[in-house]
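This is what each chain is made of:
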Amino acid sequence: AGGMSICTEEYKADPRLILSYHVVPGKWLLQGGTTGGGGVMRWFEREFADYDREVFCILNLASDGKVINMNIVSMGTLNASLVSPREVFKSSILSNAASIIAVHNHPSGCVNPSKQDKLITQRLREAGGLMDIELLDHIIVGGKNRQYYSFREENILNNNFSQQFVQERYDLDR
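Residues numbered from 1 in each chain as written. Predicted model: local features only at pLDDT ≥ 70, side-chain atom pairs only at ≥ 80, totals over all residues. Heavy atoms only, no water.

## A few points about the pairing of strand E3 (residues 55-61)
Step number 1: Among the seven residues that make up E3, seven are buried, leaving the element largely enclosed by the rest of the structure.
Step number 2: Taking every second residue as pointing to the same face, both faces of E3 are buried, with Val55, Cys57, Leu59 and Leu61 on one and Phe56, Ile58 and Asn60 on the other.
Step number 3: Examined bridge by bridge, E3 and strand E4 (residues 67-75) share seven bridges and lie antiparallel to one another. What sits directly across from Ile58, in E4, is Asn71.
Step number 4: Hairpin connection, E3 to E4: the antiparallel pair is bridged by five residues, and Gly65 has positive phi, about 90°.
Step number 5: Direction of pairing for E3 relative to strand E5 (residues 99-106): antiparallel, over a ladder of six bridges. Paired with Ile58 across the strands is Ala102, a residue of E5. (Buried < 20%, exposed > 50% of the residue type's maximum accessible area, 1.4 Å probe, protein only. Helix = DSSP H or I, 4+ residues; strand = E, 2+ residues; numbered from the N terminus. Pairing = 2+ DSSP bridges.)

## Details of helix H2 (residues 85-94)
Step number 1: Among the residues making up H2, those that are buried are Pro85, Val88, Phe89, Ser91 and Ser92. Within H2, the buried residues cover an arc of 150° as seen down the axis, which keeps them to one side. Projecting away from the buried face of H2 at angles above 90 degrees are the exposed residues Arg86 and Leu94.
Step number 2: Close packing links the buried residues of H2 with E3, E4, E5 and helix H3 (115-131).
Step number 3: Following H2 by one or two positions, Asn96 has its phi on the positive side, about 55°. (Arc of directions from axis to C-beta. Contact = heavy atoms within 4.5 Å.)

## Quick notes on the confidence of the model for the protein chain
Step number 1: Across the protein chain, the average pLDDT comes to 75, with 68% of residues at 70 or higher.
Step number 2: The model gives residues 29-37 a pLDDT under 50, and that stretch makes 19 contacts with residues more than four places away or in other chains. (pLDDT = per-residue confidence, 0-100.)

## Focus on the sheet that holds strand E7 (residues 148-150)
Step number 1: The mixed open sheet is built from five strands, whose spatial order is E4-E3-E5-E6-E7. In the strand order of this sheet, the two ends are held by E4 and E7, each with one partner. Going from strand to strand, the sheet's axes swing by 20° on average, the running direction of each strand aside.
Step number 2: Sitting on the sheet, H2 is in contact with E3, E4 and E5, with an inclination near 30° to E3.
Step number 3: Packed onto the sheet, H3 meets E3, E5 and strand E6 (134-142) and runs at close to 155° relative to E6. (Axes fitted to C-alpha atoms, helices over the stretch in contact; angles between N-to-C directions.)

## Let's talk about the nonpolar core
Step number 1: By size, the foremost hydrophobic cluster in this structure holds 20 residues, and its most contacted members are Phe56, Ile58, Val88, Phe89, Ile100, Leu124 and Phe151.
Step number 2: Sort the elements by how many residues they give to this core and H3 lands first, with three residues.
Step number 3: Sequence-distant contacts of Phe89, that is, excluding residues within four places in its chain, are made with Ile100, Leu124, Ala127, Gly128, Met131 and Ile133.
Step number 4: Ranked by size, the runner-up nonpolar core spans 14 residues in total, among them Trp43, Cys57, Leu59 and Leu61. (Core = buried A, V, L, I, M, F, W, Y, C linked by side-chain atoms within 4.5 Å.)

## Section: the pattern of salt bridges
Pairs can form between side chains of opposite charge once their charged atoms are near each other.
Step number 1: One pass over the structure, following the stated rule, counts two salt bridges.
Step number 2: As a salt-bridge pair, Asp52 and Arg53 come within 3.0 Å of each other at their nearest N and O atoms. (Salt bridge = Lys/Arg side-chain N within 4 Å of Asp/Glu carboxyl O.)

## Some words on the side chain of Ser91
Step number 1: With respect to the secondary-structure elements, Ser91 resides in helix H2.
Step number 2: Residue contacts for Ser91: discarding those within four places in its chain leaves Ile58, Asn60 and Asn71.

## As for the layout of surface pockets
Step number 1: Quantified by volume, the second largest pocket comes out at close to 250 Å³.
Step number 2: Every residue lining the second largest pocket is counted, 14 residues in all, and those nearest its centre are Ser81, Ser114, Gln116, Asp117 and Ile120.
Step number 3: Looking at the lining of the second largest pocket element by element, the count peaks at five residues for H3. (1 Å grid on protein atoms, 1.4 Å probe; cavity = no way out; pocket = protein on both sides within 12 Å on 5 of 7 lines; lining within 4 Å. Points joined across faces, edges and corners; volume = space filled by probe spheres on them.)

Given below as structure tokens:
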């Protein structure tokens, strides 16, 4: 089950706001070290709330955790988005990013990761590892329900999903 962000006040999705955040393990920080209390997640929730299709983007982060920029990698369909590691890391390399956070939405509001979500997470983690650009998290944001799912918070960011799915397929074929 995914985490639930706590946000009841109105929140204006100002694209400049995202650049004022730092990331430290497990926390978002406002510039100056003040805990953001889910501010970035509120930003994404607000930004993605009315999208009728999946949008996959990344936050490129400097080595000190400061957000360099946000890049929209793919705009997909109602329930799918085509994501290629080549396109994901293009802006990361050009931005001299030390790490990234992947974020995409599920317009349905169901934040449970699909098989494809899990597999692309593994591919991005592995591809980033080859280039020394760490995938810090992959976050799925629900539609208007203000829920999100964090692979890091759920402790599955480093799982080997392809092996898991090979085993599932083997079990089905038996």
